[in-house]
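# Reading the structure
Letter by letter, the chains look like this.
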Amino acid sequence: MEVIWKSIKFKYIFACILITFLISCLISIAPISIDECKCELATQQSQYNNHRQQNNADKNHKKSLHRLAILVPFRDRFEELLIFAPHMKKFLDKQNIDYHIFILNQIDRFRFNRASLINVGFLHVSSPELHPRYHYPTFVGGILLIKREHFVQVNGMSNKYWGWGLEDDEFYVRLKEAGLIVTRPQNVSTGTHNTFKHIHDRNHRKRDMIKCYNQREVTRKRDRQTGLNNVSYKLLSTIKMTIGDSPLTVLNISLMCDKLSTPWCECDKVMGSKDGKSKEKKKVNNNKSATGL
């Protein structure tokens, strides 16, 4: 009997120990599982809330009814672009404007043609009171905001203006003929002394002011032959890039030149000098002979 009792006692003690061990394991495991579930649920809830807040922020961030395309005619001005892009992002983000900046990079061998680049990009953009150099009332160069339908209505800008200047004056005539009114911003805090960074001197950012062939005569008249509908170009590539935190789209554009109508798309320095007038006339006469005029 004593042996049997010892055997039963041992089995009872062993069973108690085993049950205690199992209960301890369950107790120790249970809180971890609960915490893990709570943590996972909290993480999922946090992710959901962040996603919802981000969506709401995106919706609230761009409240404008219209999208704005900022077209920047460009060639060899990377130094200014590094300043321009972050400034525009900061300026426009404050106004909740839905916009994108397009850099219209002219990569052909011809003289710079701002108007044709704008035609290629399709939207153009100033106020003369704010410009450090040009103050006349009919000035619409520099920065001008225009609707797509109005730009189409006036057939964009002339494609005859190779080199510096006058393309904006011709564009103003187009706007005036179409009965479109140019309005100026009010209560602007900047003035002619701190509006634009305009670097142009003989050694740095020299302006291409050369006039050759009959360019001076032709470009002082209203152009009724060229515009948005017949700008000739090739879009060689489109590059997405970011300067700082400012997203940009760079369009690498190669403009085409009809030298029968605008031979001044290529001028050398001699052509634009006083000493080269005789050579200019000679080239014009040779050109007329070649074309049968």
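Now for a description of the structure that goes with this document. As the structure is a prediction and not an experimental result, all values here were calculated from the model. (Residues numbered from 1 in each chain as written. Predicted model: local features only at pLDDT ≥ 70, side-chain atom pairs only at ≥ 80, totals over all residues. Heavy atoms only, no water.)

### Some words on the overall build of the chain
- A tally of regular secondary structure across the chain gives eight helices and four strands.
- Counting from the amino terminus, the chain carries its helices and strands in the arrangement α-β-α-β-α-α-α-α-β-β-α-α.
- Here the chain holds 293 residues, and 31% of them are scored as buried.
- As presented, the chain carries roughly 19,700 Å² of accessible surface, and 58% of it is formed by carbon and sulfur atoms. (Helix = DSSP H or I, 4+ residues; strand = E, 2+ residues; numbered from the N terminus. Buried < 20%, exposed > 50% of the residue type's maximum accessible area, 1.4 Å probe, protein only. Areas by Shrake-Rupley, 256 points an atom, 1.4 Å probe, with all protein chains shown as cover.)

### Some points on the pattern of salt bridges
- Inspection of the entire model under this criterion finds 13 salt bridges.
- Between Arg109 and Glu266 there is a salt bridge; the shortest N-O distance is 3.2 Å.
- On the accessibility criterion, Arg109 (61% relative accessible area) is exposed.
- The partly exposed category is assigned to Glu266, whose relative accessible area is 30%.
- A salt bridge links Glu266 to Lys259; the shortest N-O distance between them is 2.4 Å. (Salt bridge = Lys/Arg side-chain N within 4 Å of Asp/Glu carboxyl O.)

### Some details on the sheet that holds strand 2 (residues 98-106)
- Read across the sheet, four strands follow the order 1-2-4-3 without closing on themselves; strand pairing throughout is mixed. Strands with a single pairing partner mark the edges of an open sheet, and in this sheet they are strand 1 (67-74) and strand 3 (233-243). Across the sheet, the mean angle separating the axes of adjacent strands is 25 degrees when strand polarity is ignored.
- Where strand 1 lies against strand 2, eight bridges are found, and the strand directions are parallel. Bridge pairing in strand 2 links Leu71 to Phe102. (Pairing = 2+ DSSP bridges. Axes fitted to C-alpha atoms, helices over the stretch in contact; angles between N-to-C directions.)

### So, the pairing of strand 2
- The β-α-β motif built from strand 1, the intervening helix 2 (residues 78-93) and the parallel element strand 2 has right-handed crossover chirality.
- With six bridges joining them, strand 2 and strand 4 (residues 246-255) adopt parallel strand pairing. In the sheet register, Asn105 faces strand 4, and the bridge partner there is Asn252. (Right-handed = clockwise from strand over helix to strand, strands pointing away.)

### Here we look at the state of the cysteines
- Per the counting criterion, the structure on display carries two disulfides.
- The disulfide partner of Cys257 is Cys265, and the S-S distance across this bridge is 2.0 Å. Disulfide Cys257 to Cys265: torsion about the S-S bond roughly -90 degrees, handedness left-handed.
- With relative accessibility at 18%, the residue Cys257 sits in the buried group.
- Ordinal numbering of bonded cysteines along the chain defines a disulfide pattern of 1-4, 2-3. (Disulfide = S-S within 2.5 Å.)

### Digging into a nonpolar patch on the surface
- Taken together, the side chains of Phe78, Leu82 and Ile83 make up a nonpolar region of the molecular surface, amounting to roughly 290 Å² of accessible area.
- With respect to the helices, strands and loops of the structure, Ile83 is situated in helix 2. (Patch = residues over 30% accessible without salt bridge, like charges linked within 9 Å, V, L, I, M, F, W, Y side chains within 5 Å.)

### Here we look at helix 2
- Over its 16 residues, helix 2 extends 22 Å from the first C-alpha to the last, a length consistent with the 22 Å expected when each residue adds 1.5 Å.
- Where helix 2 is concerned, the buried positions are Glu80, Leu81, Ala85, Met88, Lys89, Leu92 and Asp93. (Expected span 1.5 Å × (residues − 1).)

### Some details on unusual backbone geometry
- Of note, Asn155 is a non-glycine position whose phi angle comes to about 60 degrees, a positive value.
- Position of Asn155 among the secondary structure elements: in the loop between helix 4 (148-153) and helix 5 (167-177).
- Exposure remark for Asn155: the relative accessible area of 23% places this residue in the partly exposed category.
- At Leu166, a position not held by glycine, the phi torsion is positive, near 80 degrees.
- Its place among the elements puts Leu166 in the loop between helix 4 and helix 5.
- Given a relative accessible area of 22%, Leu166 falls into the partly exposed group.

### Some thoughts on the side chain of Arg174
- Residue position: Arg174 is located in helix 5.
- Reaching out from Arg174, the side chain makes a polar contact with the backbone oxygen of Asp223 at a distance of 3.1 Å.
- For Arg174, the residues in contact, after removing those within four places along its chain, are Val154, Asn155, Gly156, Met157, Ser158, Arg222, Asp223, Thr226 and Gly227. (Polar contact = N/O pair within 3.5 Å; in protein donor to acceptor, adjacent residues only side chain to side chain. Contact = heavy atoms within 4.5 Å.)

### Thoughts on the nonpolar core
- Leu104, Trp162, Ile253 and Leu255 are the most contacted members of the largest nonpolar core, which has 16 residues in total.
- Elements that contribute at least two residues to this core include exactly helix 3 (114-121) and strand 4.
- Aside from chain neighbours lying at most four places away, what touches Leu255 is Gln106, Asp108, Phe110, Asn113, Ser116, Leu117, Val120, Trp162, Ser232 and Tyr233.
- Judged by nonpolar contacts, the second largest core, of 14 residues, contains Leu81, Leu92, Ile97 and Ile243. (Core = buried A, V, L, I, M, F, W, Y, C linked by side-chain atoms within 4.5 Å.)

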